[in-house]
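# Structural overview
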Amino acid sequence: MPRMRKLVLFVAGLALGSLLVEAMLRLGEAGPWWRVVPLVEASFYGPDPVAGFAHRPDATGVWLTEHRARQTVSHQGLLDRSYTDSPPSGTWRVATLGDSIVEALQVERQNSFQRLTELLLAPTSGSVEVMNAGVSGATPAVIAARLDTHVLQYRPDAVVILLPMSDFLSAGSGFSSPITEYEDVGNNTIQRGTAFRDSFGYRFRTSPGGDAFYFLLENVRLAGAVNARLNTGLFHDLTFRKITAGHDVPVDSACPDIAPHLAVWEQTASGFASKRATAFIDDIARQIHGTNTNLIVAMMGFNENCAGNAEQRLQLAALLQHRFAEKHTTAIIVDWDAAVAEHLAPAQTLRSLRGFGVSRGKGHLNHSGHRAYAATLADVLKPHLVNRH
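Presented here is an overview of the structure given in this document. These numbers were taken from a predicted model, which means no experiment stands behind them.

Rules used in this analysis
- Throughout this description, residue numbers start from 1 for each chain and increase along the sequence as written.
- The predicted nature of this model means local features are confined to residues of pLDDT at least 70 and side-chain atom pairs, given and counted, to a pLDDT of 80 or more, with totals for whole chains, interfaces and linings taken over all residues.
- Values shown for side chains rest on all heavy atoms present in the structure; no hydrogens or waters enter the calculation.
- Helix numbering and strand numbering both begin at the N terminus, where a helix is a DSSP run of H or I of at least 4 residues and a strand a DSSP run of E of at least 2.
- Accessible area is worked out with a 1.4 Å probe on protein chains only. A residue is then buried under 20% of its type maximum, exposed over 50%, and partly exposed in between.
- By definition, residues are in contact when any of their heavy atoms lie within 4.5 Å.
- All accessible areas in this document rest on Shrake-Rupley with a 1.4 Å probe, and a residue is counted as covered only by the protein chains that are shown.
- Only C-alpha atoms enter the line fits that serve as axes; for helices the fit covers just the stretch in contact. Angles between N-to-C directions range over 0 to 180 degrees.
- An angle below 35 degrees is read as roughly parallel, one above 145 as roughly antiparallel, one from 65 to 115 as roughly perpendicular, and any other as oblique.
- Residues were grouped as follows: Ala, Val, Leu, Ile, Met, Phe, Trp, Tyr, Cys and Pro as nonpolar; Asp, Glu, Lys and Arg as charged; and all remaining residues, including Gly, as polar.
- Stacked, tilted and edge-to-face are the three classes applied to pairs of Phe, Tyr and Trp rings, where Trp contributes its six-membered ring and a pair requires centres within 6.5 Å; stacked means planes under 30 degrees apart, edge-to-face means over 60, and tilted covers the rest.
- As used in this record, nonpolar core signifies buried Ala, Val, Leu, Ile, Met, Phe, Trp, Tyr and Cys residues forming a set joined through side-chain atoms within 4.5 Å.
- The criterion for strand pairing is that DSSP finds at least two bridges linking the strands in question.
- A helix's residues, less one, multiplied by 1.5 Å, set its expected span.
- Each C-beta atom gives one direction from the helix axis, and the arc is the one those directions make.

### So, the overall build of the chain
Across its full length, the chain holds 14 helices and 11 strands. By residue count, 51% of the 389 residues in the chain fall in the buried class. The contacts in the chain between residues at least 6 apart in sequence include a share of 70% that link residues at least 24 apart. A total of about 18,000 Å² of accessible surface is found on the chain, and carbon and sulfur atoms cover 59% of it.

### Focus on the packing of helix H4 (residues 140-151) against helix H11 (residues 273-288)
The relative placement of two packed helices is expressed as an angle between their axes plus a distance between the axes. Two elements in contact, H4 and H11, have axes whose closest approach is 10 Å; the angle formed by their N-to-C orientations is 10°. Of the possible angle classes, the one that applies to H4 and H11 is roughly parallel. Contacts between H4 and H11 involve Pro140, Ile143, Ala144, Leu147 and Asp148 on the former and, on the latter, Phe280, Asp283, Ile284, Gln287 and Ile288. Taken together, the residues of the contact of H4 with H11 sort by class into 7 nonpolar, 1 polar and 2 charged.

### Considerations on the packing of aromatic side chains
Scanning all chains against the criterion turns up 9 aromatic pairs. Summarising the aromatic geometry, the rings of Tyr45 and Phe53 are spaced 6.2 Å apart at their centres and angled 55° between planes, so their arrangement reads as tilted. Across the pair, Phe53 and Tyr45 agree in class, each one buried. Chaining the aromatic ring pairs together yields one cluster made of Phe113, Trp336 and Tyr373.

### Quick word on the nonpolar core
If you look at the biggest cluster of nonpolar residues, it comprises 56 residues, and the most contacted ones within it are Ile161, Trp265, Phe280, Ile284 and Leu316. Of all the elements in the fold, those that place two or more residues in this core are strand E5 (92-97), H4, strand E7 (158-164), helix H10 (259-265), H11, strand E10 (294-300), helix H12 (310-326) and strand E11 (331-335). When sequence neighbours within four positions are dropped, the list of residues in contact with Phe280 reads Pro140, Ile143, Ile161, Leu163, Phe168, Tyr182 and Trp265. Core analysis: the second largest hydrophobic core is formed by 31 residues, Trp92, Val130, Met300 and Ala378 among them.

### Observations regarding the sheet that holds E11
The 5 strands lie next to each other as E6-E5-E7-E10-E11, forming an open sheet whose pairing is parallel. The open sheet is flanked by strand E6 (128-132) and E11, the only strands paired with a single partner. Within this sheet the neighbouring strands show an average axis-to-axis angle of 20°, counted without direction. Bridging between E5 and E7 involves 4 bridges; their strand directions are parallel. Residue pairing in the sheet places Thr96 in a bridge with Val160 of E7.

### Quick notes on H12
Here H12 spans 25 Å end to end across 17 residues, near enough to the 24 Å set by a 1.5 Å rise per residue. Every buried residue of H12 is listed here: Arg313, Leu316, Ala317, Leu319, Leu320, Arg323 and Phe324. Each buried residue of H12 lies within a common arc of 160° when the element is viewed along its axis, so the set occupies one face. For H12, the exposed residues lying more than 90 degrees away from the buried face are Glu311 and Leu314. Check the buried side of H12 and you find it contacts H10, H11, E10, E11 and helix H13 (336-341). Positive backbone phi, at 60°, marks His328, one or two positions downstream of H12.

### A closer look at the environment of Val142
Mapping Val142 onto the fold places it in helix H4. On the basis of relative accessibility, which here comes to 0%, the residue Val142 falls in the buried class. Between the alpha carbons of Val142 and Ala51 there is a distance of 5.4 Å; along the sequence they are 91 residues apart. Residue contacts for Val142: discarding those within four places in its chain leaves Ala51, Phe53, Val135, Ile179 and Thr180.

Below, the structure written as structure tokens:
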């Protein structure tokens, strides 16, 4: 009997303690002090049968890494507001695609470059919607998958792909990736793979057990805290940490060598790199063909101060445009870093647009970065808005 009583008291104490911790975590989120008190970082990702992972519809919470921001995923699975199936009459709709730089978890929606672009264009161009279809760790194959699953059904007038060019330099084929990657399946066929569907992690996430796990993450802050602490094995797999760090790196201060990039797109690079580039062109062109959507591809990952490789960058842009033209697709190619540099203040660099506080200079876009990206995107879009329908 005494043992039973001790057990009951222990369980009751554990339950009461858990409730108190849960109440404190929720109070921390709800109060005006949410930017400084200890909180549990929300989990926004879940399984996706096409890309391998995506934002979980209606997920909400506070993002903590680098800079705190309240975030909500729409029921359509976008880190954005909800959109109608077609643009409202008189509205020009643009979709932005890319990795965590486009996703912008580190700032709240009203401060993202997508919203700021809308504000910049409104006085002269009327109603413009700029969708955020970015997701952390998006490889070229994931970008193409999201164009298919999260963008084209909303009939955008333009799609802007912010494309890290270094993604095409690796030689691997991606067979062991936990997300979709371009794979050589034989007979000169390269396509987006679905091998991730056979992994234990994906099968668990799409099972009733996975549904229960995500329910706990969404509704029980203490469960999120435990998951954050158990950052190994199964729990680590379910947080997608291996994916979200993909391009969260500072801009290199050195001038990149453009020759390897030219080799990839000229189809002279060894290994799988040129095949991946060709598959990406084919994939995007196939989806855009037959639509009224303008395609804009922004080359990212080059430094703004590299006058020595300016001619090679022009060659690379022309080469990309030619490769799309071979697939009967018109693409506007933008040297994004050079375009952003035109909007920098005298003391600013591309590096200064990233990071917050003591980490300034590395990581994701800060508020200055989003303002510079918005000014750049507005300039890129203005010529298309002149002849808007």
